[in-house]
Amino acid sequence: MPKQLGFLIDLNKCIGCHSCEFACKIENHLEEISFRKILDLRKRANLFAYLSMACNHCANPQCIRVCPNKCYSKLRNGIVFYNNSNCDGCKSCIGACPFKAPKYNYVIKKVSKCNLCNRRITKGLKPACVSACISEALQIIDFSEPLPENCKKTIPNYAYILLTNPSVRFLLPKETNCFWIEEREV
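Reading the values: rules and limits
- In this numbering scheme, every chain counts its residues from 1 along its sequence in written order.
- The predicted origin of the model limits local features to residues at a pLDDT of at least 70 and limits the giving and counting of side-chain atom pairs to 80 or more, whereas totals for whole chains, interfaces and linings rest on all residues.
- Values reported for side chains reflect all heavy atoms of the structure, with hydrogen atoms and water molecules removed beforehand.
- We count a stretch as a helix when DSSP gives it H or I for four or more residues in a row; a strand needs E for two or more, and each element gets its number in order from the N terminus.
- Burial here depends on accessible area, computed with a 1.4 Å probe over protein chains only, as a share of the maximum for the residue type. Under 20% is buried, over 50% is exposed, and the range in between is partly exposed.
- Any carboxyl oxygen of Asp or Glu within 4 Å of a side-chain nitrogen of Lys or Arg constitutes a salt bridge here.

Peer 1: Please explain unusual backbone geometry as it appears in this structure.
Peer 2: Negative phi characterises most residues that are not glycine, and trans characterises most peptide bonds. Of note in this structure, K70 is not a glycine but carries a positive phi near 55°. Assignment of secondary structure puts K70 in the loop between α3 (62–66) and β4 (72–74). According to the relative accessible area criterion, K70 is exposed, its value standing at 65%. For N165, which is not a glycine, the phi torsion comes out positive at approximately 55°. Note on placement: N165 falls in the loop between β8 (138–142) and β9 (168–171). Residue N165 is classed as partly exposed on the basis of its relative accessible area of 29%.

Peer 1: Would you take a moment to explain the pattern of salt bridges for this structure?
Peer 2: Two side chains of opposite charge can pair, provided their charged atoms sit close to one another. Under the criterion given, the structure shown has 2 salt bridges. Between R119 and E27 there is a salt bridge, and its shortest N-O distance comes to 3.3 Å. With R119 in helix α5 (residues 118–122) and E27 in helix α1 (residues 19–27), this residue pair connects regions lying 92 residues apart in the sequence. Among the salt bridges present, the one from R120 reaches E27, with a minimum N-O distance of 3.6 Å. Residue R120 is located in helix α5, and its partner E27 is located in helix α1; the two are separated by 93 residues in the primary sequence. Taken together, the shared-partner salt bridges in this structure form one network comprising E27, R119 and R120.

Given below as structure tokens:
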């Protein structure tokens, strides 16, 4: 299998602090948009967890297939790379991506997307979001190597799209025990 970089997200560790989101904005000089977003799964999936999401760098990305201007390419390391120099702002890629990873930037009137900090990776560094994660909930992994046996392809209420085969895996939250102090009559 060729190299395929992606994310491993440990739902036991993410505390919803947004440091990954802010690091991404700083690294990519983003003001109006954000490539990474933090989801509160307590509202969506009845899990006491947070989820940090960005582009999933799919094995079969639909953004590449639909872009009329060939702005997208798949790098040898599996990163779905986006170059906006030919982008005319048609937003076809936004409609094709089931995860809505490409974002339309109204300031420059073009689409932008996470490139997994490819500049940093080529220098041997971690992506900015991974480096900034204080709880180490966000990791970069190579899907061509053995994955942790307890990682899952999906979580409750998260769309796993067979067609795109997203390069993200999850470590699910452990069952929590609640200990209540019972009041006794004296």
